[in-house]
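Listed below, chain by chain, are the residues.
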Amino acid sequence: MSRVANKLRENADNQACADCSQPVTASVAWATTTFGAFVCIQCAGVHRNLGVKISRIKSVHMDTWSADEVALMKGNRAANAVLEKHVAPAVKAAVNQSDGFRAAYIQAKYAAKTFASPDGAAFQLPPTAAAPLSSSPSSSSFSKRNNGMSSVDVAKRFVNYFVVVGRGSSLKHTGDIQFQPTILDSYPETLADAPLPPHIAQFAFPERLTLSATFREPTFFSFVLTNVSGAKIYRLSLSEAPLPLERYVANFVSEIPVNFRPLFQMLDLNNVLAVFTCLLLEQKVALCSKHLSVLTPIAESLQALLFPLYWQGAYIPILPSSLLDIIDAPVPFLVGVHSTYLATSNRSSASDVFFVDLDHNRYLL
């Protein structure tokens, strides 16, 4: 770290963010080793969102640096001499005006290399990026435009569908009769701007349906799907939870993303830090519990702890048993599985997965 910090101090150009020109110090600075430049924490979050194939971000103070990585740090002046050779001063000055401008500028600078060519002088930040990324549209609907094609008005809804999932075809499984879940009915049948995900039944009953001779009280859990762009789609379903369904519907938006209580109730601080470290290192992490109701809140809490960084790997807080092969995928992931998986022989083949046993406050390697 000291060698990188010395590079930061030795040149005044390196003491300001290469992207937004905000002052940075060695204790809070970040660096893109791909381009050899120092950036502030806000811009580092945008770099992280680009993915490591475009820009690999490291902390000057917290990360371990190899000699080769230190050698790559040529400094902000050298990086910007190429990447900002043709940037308009007004565009550069506008980066700090909004989160949207910051994201659009960094995308153009590093992913598209826009300002490295003479055409970059004509680049204009999109007006739609003027508002912060976290703000919501002020109108009751927004238009999604595609290269001049006709716009599609997407209404703002609290709920897109009410779906009934029930028993489908029967399956023979370890001596018990199980049924594949299937969609029995939905209202409305379809929405042009928000098609019903075809595999939603598997996530509503991740352990399939099993015949039972005793009555079971309806219970509740939530799960998350992501679309092709990585955007989250929250869902409601049934599972283990003591509170009535109405309570969750009323508080759904506020409870799911920010409720840290389940995380710290089920894991002590040392184990939370161990999981957090694995996520920072982009390892494979599988959360395990017999209570499906805790998997999504804990997965969401862990993602929130990463801010201002973003989890770039696969994200499936509740993984249906029919999709357990994903655990063998050669990519980073954060998934949640039923604790019965820990007792199966399949786990022995997943030697590179960091299993977190939430029910017993431990992790398994």
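Residues numbered from 1 in each chain as written. Predicted model: local features only at pLDDT ≥ 70, side-chain atom pairs only at ≥ 80, totals over all residues. Heavy atoms only, no water.

**Student:** I'd love a proper account of the nonpolar core, names of residues and values included.
**Tutor:** Counting 42 residues, the largest nonpolar core has Val285, Leu287, Phe355 and Leu358 as its most contacted members. No other element matches the 5 residues that helix α10 (residues 269-280) contributes to this core. If near-sequence neighbours (up to four positions away) are discounted, leucine 287 is found in contact with Leu295, Ile298, Ala299, Leu302, Leu334, Val335, Gly336, Val337, Val356 and Leu358. If you look at the next biggest cluster of nonpolar residues, it comprises 40 residues, including Val24, Met73, Ala88 and Phe123. (Core = buried A, V, L, I, M, F, W, Y, C linked by side-chain atoms within 4.5 Å. Buried < 20%, exposed > 50% of the residue type's maximum accessible area, 1.4 Å probe, protein only. Helix = DSSP H or I, 4+ residues; strand = E, 2+ residues; numbered from the N terminus. Contact = heavy atoms within 4.5 Å.)

**Student:** So, the sheet that holds strand β15 (residues 362-364): which residues are in play, and what are the values?
**Tutor:** Read from one edge of the open sheet, 5 strands run β12-β13-β11-β14-β15, paired in mixed fashion. At either end of the open sheet lies a strand with only one pairing partner, and these are β12 (314-316) and β15. Neighbour to neighbour, the strand axes of the sheet diverge by 25° on average, direction disregarded. Pairing analysis gives 3 bridges linking β12 to strand β13 (residues 333-338), with the strands arranged parallel. Bridge pairing in β13 links alanine 314 to phenylalanine 333. Where α10 meets the sheet, it contacts β11 (284-289), β13, β14 (353-357) and β15, and its direction lies at approximately 155° from that of β14. Here helix α11 (residues 295-305) sits on the sheet and contacts β11, β12 and β13; the angle it forms with β11, its principal contact strand, is near 145°. (Pairing = 2+ DSSP bridges. Axes fitted to C-alpha atoms, helices over the stretch in contact; angles between N-to-C directions.)

**Student:** Could you give an account of the pairing of β14, naming the residues involved and the relevant values?
**Tutor:** With 5 of its 5 residues buried, β14 lies for the most part within the structure. Direction of pairing for β11 relative to β14: parallel, over a ladder of 5 bridges. Considered in β14, the bridge of valine 285 is made with phenylalanine 354. With 3 bridges connecting them, β14 and β15 associate as antiparallel partners. Along β15, the bridge assignment pairs aspartate 357 with arginine 362.

**Student:** Explain helix α2 (residues 41-50) to me, using residue names and the numbers behind them.
**Tutor:** Burial analysis of α2 places 7 of its 10 residues in the buried class, which makes it a mostly covered element. All of the buried residues along α2 are Cys43, Ala44, Gly45, Val46, His47, Arg48 and Leu50. Residues of α2 that are buried sit in contact with β1 (30-32), β2 (37-39), β3 (57-59), α6 (99-111) and α10. One or two steps after α2, the chain reaches glycine 51, where phi turns positive at roughly 95°.

**Student:** Give a detailed account of the pattern of salt bridges, specifying residues and quantitative values.
**Tutor:** Per the stated rule, a full pass over the model turns up 8 salt bridges. Across the pair aspartate 13 and arginine 77 runs a salt bridge whose closest N-O atoms are separated by 2.6 Å. One end of the pair, aspartate 13, is in the loop between α1 (2-10) and β1; the other, arginine 77, is in helix α4 (residues 76-83), and 64 residues separate them in sequence. Among the residues examined, aspartate 13 registers a relative accessible area of 27% and is labelled partly exposed. The residue arginine 362 makes a salt bridge to aspartate 357 at a minimum N-O spacing of 2.8 Å. For arginine 362, a relative accessible area of 39% translates into the label partly exposed. Look at aspartate 357 and you get buried, because its relative accessible area is 2%. One network of salt bridges, in which partners are shared, links Asp19, Glu84, Lys92 and Lys109. (Salt bridge = Lys/Arg side-chain N within 4 Å of Asp/Glu carboxyl O.)

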